Amino acid sequence: MKYLGGYPAHLLQQVQGLIDEGKLGNMLSQRYPEQHEVRTDKALYDYVMDLKQRYLRSSEPINKVAFDSKLKVIQHALGTHTMVSRVQGGKLKAKREIRVASLFREAPPEFLQMIVVHELAHLRQREHDKAFYALCTHMAPQYHQYEFDLRLWLVWRDLQVQSVGL
């Protein structure tokens, strides 16, 4: 349960109980029965820009948004927000990019929203502090529940891979 580090022991026991009873996948599929329709980089760009326009109009522009198959969930990178600076002429130009791990092409819409909101919040707040999470919950009021359930989904996916590999 590597994705659940830092959560209280009683919560981890409940999760382990669901795993032992084989009910974790069913619980998640009942809670999140749908998959989103965002499958291409262009659709992801439009999705991100819609959220940005709705909540962060005055923030710096985003130059690129894409799904990225190289992001590894194991290294705790579900998405990234980067700023690339280049000198052009005598000026320093900064381009901002958001990349989302490719596995989220097949995820429930709430999980994609949580990842995108998280990365958008980095436009205003660099650190994961109180102001950062306040901005996340402003854009997605259920942010913390989605984050926890996303972590459960990642645990469940790992269990599926392990059971197929056996």
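The structure under discussion appears in the preceding block.
Quick summary incoming for the structure in this document. Fair warning: this is a prediction, and the values are worked out from it, not measured in the lab. (Residues numbered from 1 in each chain as written. Predicted model: local features only at pLDDT ≥ 70, side-chain atom pairs only at ≥ 80, totals over all residues. Heavy atoms only, no water.)

**Here's the deal with helix 4 (residues 109–121)**
Filter applied, for reference: Only DSSP runs of H or I reaching four residues or more are called helices, and only runs of E reaching two or more are called strands; each is numbered from the N terminus. One fewer than the residue count of a helix, multiplied by 1.5 Å, yields its expected span. Whether a residue is buried, partly exposed or exposed follows from its accessible area with a 1.4 Å probe, protein chains only, as a fraction of its type maximum: under 20%, in between, or over 50%, in that order.
Relative to the 18 Å expected for 13 residues at 1.5 Å per residue, helix 4 spans 18 Å between its end C-alpha atoms, a close match to the ideal helical length. The buried count for helix 4 comes to 11 of 13 residues, which makes it a mostly enclosed element. Where helix 4 is concerned, the buried positions are Phe 111, Leu 112, Gln 113, Met 114, Ile 115, Val 116, Val 117, His 118, Glu 119, Leu 120 and Ala 121.

**Some details on the side chain of Asp 149**
Rules: Two N or O atoms form a polar contact when they lie within 3.5 Å of each other; inside protein one atom must be a possible hydrogen donor and the other a possible acceptor, and for residues adjacent in sequence the pair counts only when both atoms belong to side chains. The criterion used for residue contact is that any of the two residues' heavy atoms lie within 4.5 Å.
Tracing the backbone through its elements, the reader meets Asp 149 in helix 6 (residues 143–165). A distance of 3.0 Å separates the side chain of Asp 149 from the side chain of Arg 31, its partner in a polar contact. A polar atom in the side chain of Asp 149 sits 2.4 Å from the side chain of Tyr 32. Discounting chain neighbours no more than four positions away, the residues touching Asp 149 are Leu 28, Arg 31, Tyr 32 and Phe 111.

**Notes on the pattern of salt bridges**
This is how it is decided: Here, a salt bridge means any Lys or Arg side-chain nitrogen found within 4 Å of an Asp or Glu carboxyl oxygen.
For the structure on display, the rule yields 10 salt bridges. The partner of Lys 2 in a salt bridge is Asp 158, with the nearest N and O atoms 3.5 Å apart. With Lys 2 in the segment before helix 1 (9–20) and Asp 158 in helix 6, this residue pair connects regions lying 156 residues apart in the sequence. For Asp 158, a relative accessible area of 24% corresponds to the partly exposed category. Of the charged contacts, one joins Arg 96 and Glu 60 as a salt bridge, the two residues approaching to 2.8 Å between their closest N and O atoms. One end of the pair, Arg 96, is in strand 3 (residues 91–101); the other, Glu 60, is in the loop between helix 3 (41–55) and strand 1 (64–68), with 36 residues separating them in the sequence. Exposure remark for Arg 96: the relative accessible area of 4% places this residue in the buried category. A residue is classified by how much of its surface remains accessible, and Glu 60, at 41% relative accessible area, is partly exposed. Among the ionic contacts, a cluster of salt bridges with common partners joins Asp 68, Glu 97 and Arg 99.

**Notes on the side chain of Glu 97**
Take Glu 97: it is sitting in strand 3. For Glu 97, the side chain forms a polar contact with the side chain of Arg 99, separated by 3.3 Å.

**As for the nonpolar core**
Rule in force here: In these notes, a set of buried Ala, Val, Leu, Ile, Met, Phe, Trp, Tyr and Cys residues joined through side-chain atoms within 4.5 Å is what counts as a nonpolar core.
Of all hydrophobic cores here, the largest spans 44 residues; its most connected members are Leu 44, Phe 104, Leu 120 and Trp 153. Looking at this core, the elements with two or more residues in it are helix 1, helix 2 (24–31), helix 3, strand 1, strand 3, helix 4, helix 5 (130–139) and helix 6. Contacts of Leu 120, omitting those with residues within four sequence positions, involve Val 48, Leu 51, Lys 52, Leu 56, Ile 62, Ile 98 and Met 139.

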